[in-house]
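One letter stands for each residue in the lines below.
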Amino acid sequence: MKTVFVLLVAVVCHSAARYSADWTSLDGRPLPPWYDEAKLGIFIHWGVFSVPAFQSEWFWWHWQGQQPPDPKCVSFMTKNYPPGFSYPEFARHFHAEFFSPGEWADMFKASGAKYVVLTAKHHEGFTNWKSVNSWNWNSVDSGPHRDLVGELGEAVRNRSLHYGLYNSLYEWFHPLYLNDKKNGFRTQDFVKQKLLPELYNMVVRYRPELIWSDGDWEAPDSYWNSTEFLAWLYNDSPVKDTVVTNDRWGAGCACKHGGYYNCQDKYSPGQLPEHKWEKCTSVDTLSWGYRRNMRIMDLMDLPTIIEDLVSTVALGGNYLLNVGPTADGMIPAVFEERLRGVGAWLQVNGEAIYASKPWRVQMENTTVPQLPRQL
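Residues numbered from 1 in each chain as written. Predicted model: local features only at pLDDT ≥ 70, side-chain atom pairs only at ≥ 80, totals over all residues. Heavy atoms only, no water.

J.: Explain the sheet that holds strand S6 (residues 277-282) here, please?
T.: Think of a sheet as strands paired side by side through backbone hydrogen bonds, with each pair either parallel or antiparallel. Pairing is parallel in the open sheet, where 7 strands are placed in the order S5-S4-S3-S2-S1-S7-S6. Each edge of the sheet is formed by a strand with only one pairing partner; in this case those strands are strand S5 (244-245) and S6. (Pairing = 2+ DSSP bridges. Helix = DSSP H or I, 4+ residues; strand = E, 2+ residues; numbered from the N terminus.)

J.: For this particular structure, what's the right way to read the state of the cysteines?
T.: Each disulfide consists of a covalent bond between the sulfur atoms of two cysteine residues. Scanning the model with the defined rule gives 1 disulfide in all. Paired through a disulfide, Cys-255 and Cys-263 show a sulfur-sulfur distance of 1.7 Å. Taking the sign of the torsion about the S-S bond as the criterion, the disulfide between Cys-255 and Cys-263, at about 70 degrees, is right-handed. By relative accessible area, Cys-263 is classed as buried at 17%. Here Cys-280 is not disulfide-linked; the sulfur of Cys-263 is the nearest cysteine sulfur, at 10 Å. The exposure class of Cys-280 is buried, given its relative accessible area of 1%. (Disulfide = S-S within 2.5 Å. Buried < 20%, exposed > 50% of the residue type's maximum accessible area, 1.4 Å probe, protein only.)

J.: Where do I start with the nonpolar core in this structure?
T.: The tendency in soluble globular proteins is for nonpolar side chains to be buried as a group. If you look at the biggest cluster of nonpolar residues, it comprises 90 residues, and the most contacted ones within it are Ile-44, Phe-59, Tyr-87, Phe-108, Trp-224, Phe-229 and Leu-233. Of the residues forming this core, the biggest block, 8 residues, is contributed by helix H9 (residues 189-206). Ranked by size, the runner-up nonpolar core spans 14 residues in total, among them Phe-43, Leu-210, Val-244 and Cys-280. (Core = buried A, V, L, I, M, F, W, Y, C linked by side-chain atoms within 4.5 Å.)

J.: Even after reading the chapter, I still don't get the pattern of salt bridges, so can you show me in this structure?
T.: Pairing is possible between side chains of opposite charge, provided their charged atoms come close. By the definition in use, this model includes 22 salt bridges. Taking the shortest distance from any N to any O, the salt bridge between Asp-236 and Arg-18 comes out at 2.7 Å. With Asp-236 in the loop between helix H11 (226-235) and S5 and Arg-18 in the loop between helix H1 (2-16) and helix H2 (23-26), the pair connects residues that are 218 residues apart, well separated along the chain. Since its relative accessible area comes to 45%, Asp-236 is described here as partly exposed. We note a salt bridge from Arg-92 to Glu-89, for which the minimum N-O separation is 3.5 Å. The class of Glu-89 is partly exposed, set by a relative accessible area of 25%. Taken together, the shared-partner salt bridges in this structure form one network comprising Asp-36, Lys-39, Lys-276 and Lys-357. (Salt bridge = Lys/Arg side-chain N within 4 Å of Asp/Glu carboxyl O.)

Okay, structure coming up:
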């Protein structure tokens with residue numbers, strides 16, 4: 001009876017905890033236990049970039065943002081599209097006509113994953129839901145004319161999987177952001193008029209259990225108002241007791257602040273870290289978004305994925321495996337084969353993965369001595 005009372009007191013104290021808008025307080029929040037127990041998640045990079053499906057999800061930036069532009073992207077557009085064709089015109093070809101959220105969710109369930117993270121908005125600014133702060137540049141007003149975030153969320157949760165959303169803080173070509181950047185981030189027009197209203201709305205509307213923040217590195221967390229947002233998220237949001245966040249909340253925050261640490265894409269620490277972490281990686285080793293010209297040699301094979309998963313879990317991490325759907329809403333068969341292969345392996349070996357804790361030795365490198373031959 002005493003043990004039960006102590007546990008109840010601990011739960012009440014945790015739920016009653018209030019966090020102030022500073023990293024000392026926010027970093028002291030215990031990570032909701034579901035996340036560490038899950039071990040495996042599926043990452044999905046899907047957006048307007050899935051239409052050109054060339055090079056990577058950074059296509060727009062490489063074509064028209066970086067200086068000088070990538071000649072391969074320039075050549076691709078010159079050969080395949082009429083003069084004057086603009087990137088936003090790709091949105092009308094983002095039909096998602098074969099998108100079946102139930103089929104996707106069944107596939108993710110079969111993979112053995114316990115959570116799913118969908119791109120709600122990548123750096124291009126296009127939202128996969130009807131954001132009032134992204135008028136006519138979202139999946140309901142244009143493109144598929146569907147609430148992709150909402151439809152997948154319902155299907156995923158119906159299969160008892162946790163649902164998370166990826167959100168880019170910055171947008172490559174948003175005029176308010178570019179003006180703030182020009183002002184050395186001493187103004188916050190983009191944050192106050194676009195980013196934060198949209199982010200609050202997204203959380204209240206879809207109640208994600210994980211927020212995978214990105215696009216933070218050009219400005220400090222004070223510009224993004226990250227600590228104020230996280231204090232609200234942990235104190236007063238509808239997911240305050242269950243939500244998990246990563247560490248991409250401003251320049252210099254990675255591997256230092258946040259719920260769990262990503263540190264960098266495809267990060268592997270090499271030894272047991274003191275803080276909960278996650279390795280995000282992609283079946284297509286050259287891109288997160290779908291590429292029409294990907295080759296089999298560019299993909300991780302199943303044994304490599306299994307080895308990577310085991311190594312990550314052995315070091316106390318979670319494994320977030322990415323697939324890039326096509327613009328018409330299909331997950332390529334070669335990606336499905338990998339996911340179902342992981343699931344088949346976990347059906348046999350899952351007891352050693354789910355809810356496991358790191359052993360006192362993570363990487364043994366000893367050899368078994370040879371016994372003398374019997375004559």
